[in-house]
Amino acid sequence: MNSRATLVARTEVRRTVRTVVGNRTKLLMMAIVALLALGPMTALGVLFLPTFGEEIATGTVDNAMATTIVTGVVALAWIFLIFMAAIRTVTAAADIDQPAVLLLSAPLRSTVIGIVCAEILLFAIWLVPPVVVFSAAFASGAGTILPALAIPAVALLLLVTAVPVGFVIGTWVRHLLTVYEPIARYRTPLIIVLAVAYFGSISLGWFDILAEMLFDLLGDGPLGWFGHLFLLGVPNVAPSMGAIVGALVGSAVLIPLAIGVGVVSARVHWYADPARVEDDMEATPESESRLDGVLEYGLSKQLRTLTLTTIRRTKRAPIRLMYAAYPLFGSLFFAQEIIQTGTVPSYIAVMLCLYVIWGTGVLFSLNPLGDLGQTLPAVLSSPVSGTTMIRSRMIASSLVGVPLGVLVALAAGLASPISLESTAVLLAGTVLGALASPALAVGVGSAFPRFGSVAITGNREAVMPSKMSFVVYTAGIIFPIGAAVVLYTDGATLVAQIATAMVTLLPQVEVGLTASQVTLMAWIVVAIGVVAPPVAYRYAVERFDWYVLE
């Protein structure tokens, strides 16, 4: 690797690490992901790999079975690394920052090699530590140190061969999404469909079926040859030397070939003009014209204009709402239970309606000052009053949330075992919540605004509500609704018992709660929840009218 490629790789790694380390929220999220994803896997590996290594070394697991297991797992690992490298390329690696500067300051080949090497190093930061632990655990059971050396070498070999291939695939996928106009025009719904399909396949078990098929199909092929390196030096196992030579020779051929194809792919993508998608600013969509006609009967022209502008700006940059969709990915894991039982459990029906209420306020209302961006000084100095501006955001949110709430509440209620009376209550509560949550959101967002943009994916940035506004707003939604559920279901006795049991776990604390006390507290929380939206709305109006730029 030449000096320019080395400089590109070092710069990309340093920028990525600095971005992660400098963002405490992202660092915390990555730590949680590592703990949840790699923690259980590492614990299982430490527990079972010594036994597996001992069984192979003592002949309990015969040569053929050991070879089949290892080669199949290694082949799946290689496919998985290609998949992850392709995703990284689509979202980050192929979306280079300041392309005009980078592409003029270094040869294209050096740039590609540097970016691919940077991706390999970034993957290695995540993968090498658990692989070293796994190899040590396996070697301790096998009674030889050779696997502790061979397994990390195999992991590195998988990385240096899989990442260049993933870079090629990811570059062409990104090219189709951003340059090829027929696909680029509909890339947002396409990405949503692909994301739902991916998480849905995991929740429904289709991912496991596909992995099992690939395990049987690829383990005996060239992709499984890397597994024979894994078994090198293990007692009572005779790996195929032909497969080992094939893996090494194949890697020596595949790496430069993939780099060469990657250079050609990058040249096509990076020097191409983005797709020219019709700009909505040149013409008012028919749907917005119809909506304007509907709103004309009850709203002033200024209020209608601000409401439609709020919706239009978010429609043009839907990435700003990505944070509002995060809770939906968790609901996909309930899909398997829904399909197996044929009904929607009652608690899921309530959770879906609660999400609609929460999401309605998040859509356009949780950062009323920060969402204005560079237009904030002009808006503050215009004749637009705080009442008009704040109401426009609340109306925009409710225009989306109320119809969605009606649809979700009816569908979830009728598909769940709850009664028709409870479905009617769920519908009414969802509609009222979708009307009230924007009022609460504008007040919380005005109290804790955020004006700066944050990184969403790769080099894409957007203005998001602040973390404090998320926390306060979410608490303001959950606690009153939870208290209302306790009152509606007469669950005060159960809550009192649970609270008392939890309190007794604390040392030197002998305080208990009665059902009447829980009921009183629930009524207080509900009362606060009823009063909070109008108070928050008035605060948001006053905050806007008296806001001064610093």
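Residues numbered from 1 in each chain as written. Predicted model: local features only at pLDDT ≥ 70, side-chain atom pairs only at ≥ 80, totals over all residues. Heavy atoms only, no water.

For the rest of this paragraph, the subject is the overall build of the chain. Summing up its helical and strand segments, the chain has 22 helices and two strands in all. Across the 550 residues of the chain, 40% fall into the buried class. In the chain, of all internal contacts separated by at least 6 residues, the share reaching a separation of at least 24 is 79%. Accessible surface, the chain as shown: approximately 29,500 Å² in total, 71% of it carbon and sulfur. (Helix = DSSP H or I, 4+ residues; strand = E, 2+ residues; numbered from the N terminus. Buried < 20%, exposed > 50% of the residue type's maximum accessible area, 1.4 Å probe, protein only. Contact = heavy atoms within 4.5 Å. Areas by Shrake-Rupley, 256 points an atom, 1.4 Å probe, with all protein chains shown as cover.)

The backbone phi angle of Asp490 is positive, close to 55 degrees, even though this residue is not glycine. If you trace the backbone, Asp490 turns up in the loop between helix H20 (467–488) and helix H21 (492–504).

So, about the packing of helix H16 (residues 346–364) against H20. Relative orientation and spacing of two packed helices are given, respectively, by the angle between their axes and the distance between those axes. Where H16 meets H20, the axes come as close as 11 Å, and the angle between the chain directions of the two elements is 145 degrees. The hand of the H16/H20 crossing is right-handed. Residue-level contacts link Leu354, Ile357, Trp358, Gly361 and Val362 of H16 to Phe470, Tyr473, Thr474, Ile477 and Ile481 of H20. In terms of residue class, the contact of H16 with H20 is built from eight nonpolar, two polar and no charged. (Axes fitted to C-alpha atoms, helices over the stretch in contact; angles between N-to-C directions. Left-handed = near helix turned anticlockwise from the far one by under 90°. Nonpolar A, V, L, I, M, F, W, Y, C, P; charged D, E, K, R; others polar.)

A word on a nonpolar patch on the surface. Together, Val17, Val21, Ile125 and Trp126 make up a nonpolar patch on the protein surface, roughly 350 Å² of accessible area in all. Looking at the nonpolar patch, the elements with two or more residues in it are helix H1 (3–22) and helix H5 (108–142). With respect to the helices, strands and loops of the structure, Ile125 is situated in helix H5. Owing to a relative accessible area of 52%, Ile125 belongs among the exposed residues under this scheme. (Patch = residues over 30% accessible without salt bridge, like charges linked within 9 Å, V, L, I, M, F, W, Y side chains within 5 Å. Salt bridge = Lys/Arg side-chain N within 4 Å of Asp/Glu carboxyl O.)

The next point concerns the pattern of salt bridges. Two side chains carrying opposite charge are able to pair once their charged atoms lie near each other. With the rule as written, the count across this model stands at six salt bridges. Between Arg393 and Asp371 there is a salt bridge whose closest N-O contact spans 3.6 Å. Remark: Asp371 occurs in the loop between H16 and helix H17 (376–380) and Arg393 occurs in helix H18 (residues 386–415); sequence separation between them is 22 residues. Accessibility classification places Arg393 together with Asp371 in one group, the buried group.

With that out of the way, let us pick up the nonpolar core. Counting 54 residues, the largest nonpolar core has Ile56, Val112, Phe138, Phe226 and Trp270 as the members making the most contacts within it. Put simply, the parts of the chain that give this core at least two residues each are H1, helix H2 (24–58), helix H3 (63–93), helix H4 (99–105), H5, helix H6 (146–178), helix H10 (225–230) and helix H11 (241–270). If one sorts the elements of this core by residue count, H5 sits on top with eleven residues. Contacts of Ile56, omitting those with residues within four sequence positions, involve Val61, Ala66, Phe138, Val234, Pro235, Asn236 and Val237. With 14 residues, the next largest nonpolar core counts Ile357, Trp358, Phe470 and Tyr473 among its residues. (Core = buried A, V, L, I, M, F, W, Y, C linked by side-chain atoms within 4.5 Å.)

Here we take up H20. Compared with an ideal rise of 1.5 Å per residue, which puts 22 residues at 32 Å, H20 spans 32 Å between its outermost C-alpha atoms and is within 8% of the ideal. Every buried residue belonging to H20 is among Ser469, Phe470, Tyr473, Ile477, Pro480, Ala483 and Val486, and all of these are buried. Residue Asp490 follows H20 closely and has a positive phi angle near 55 degrees. (Expected span 1.5 Å × (residues − 1).)

The next point concerns the packing of aromatic side chains. Where two aromatic rings form a pair, the distance of their centres and the angle of their planes describe that pair. Counted according to the given criterion, the structure contains five aromatic pairs. Seen in terms of ring centroids, Phe52 and Phe138 are 6.0 Å apart; in terms of plane orientation they differ by 50 degrees. Their pairing is tilted. Of this pair, Phe52 sits in helix H2 while Phe138 sits in helix H5, and the two are 86 residues apart along the sequence. Taken individually, Phe52 and Phe138 each receive the classification buried, so the pair is uniform in this respect. Through a chain of ring-to-ring contacts, three or more aromatic side chains come together here, namely Phe52, Phe138 and Phe230. (Phe/Tyr/Trp six-rings, centres within 6.5 Å; stacked < 30°, edge-to-face > 60°.)

Moving on to the packing of H5 against H6. Interhelical geometry of H5 versus H6 gives an angle of 150 degrees and a closest axis separation of 8 Å. Comparing their axes, H6 and H5 come out roughly antiparallel. Two packed elements cross with a definite hand, and for H5 against H6 that hand is right-handed. Taken together, the residues that form the contact of H5 with H6 break down as 22 nonpolar, one polar and one charged. (Parallel < 35°, antiparallel > 145°, perpendicular 65-115°, else oblique.)

To continue, consider the side chain of Thr144. Within the secondary structure layout, Thr144 lies in the loop between H5 and H6. A relative accessible area of 19% places Thr144 in the buried class. Within polar-contact distance, the side chain of Thr144 engages the backbone nitrogen of Leu146 at 3.3 Å. Residue contacts for Thr144: discarding those within four places in its chain leaves Ala139, Gly233 and Pro235. (Polar contact = N/O pair within 3.5 Å; in protein donor to acceptor, adjacent residues only side chain to side chain.)

Okay, the environment of Val90 next. Within the fold, Val90 resides in helix H3. Not counting residues up to four positions away in its chain, the partners in contact with Val90 are Gly170, Val173, Arg174 and Leu177.

Below, the discussion takes up the environment of Thr309. Looking at the element boundaries, Thr309 is found in helix H13 (residues 301–316). A sequence separation of 83 residues divides Thr309 from Ser392, and the C-alpha atoms of the two residues are 9.1 Å apart.

As for its placement among the helices and strands, Ile56 is situated in helix H2. The class for Ile56 is buried, based on a relative accessible area of 0%.

Our focus in this paragraph is the side chain of Asp95. Structurally, Asp95 can be placed in the loop between H3 and H4. Looking at Asp95, its side chain comes within polar contact range of the side chain of Arg174, at 3.4 Å.

Before going further, it helps to examine a negative patch on the surface. On the surface, Asp208, Glu212, Asp216 and Asp220 cluster together to form a negatively charged patch. Looking at the secondary structure, you find Glu212 in helix H9 (residues 206–218). (Lys, Arg positive; Asp, Glu negative; His and termini not counted. Charge placed at Lys NZ, Arg CZ, Asp CG, Glu CD.)

Confidence along the chain averages 83 in pLDDT terms, with 88% of residues attaining 70 or more. Within the model, pLDDT remains below 50 along residues 279–284, and this stretch shows five contacts once partners closer than five positions in the same chain are excluded. (pLDDT = per-residue confidence, 0-100.)

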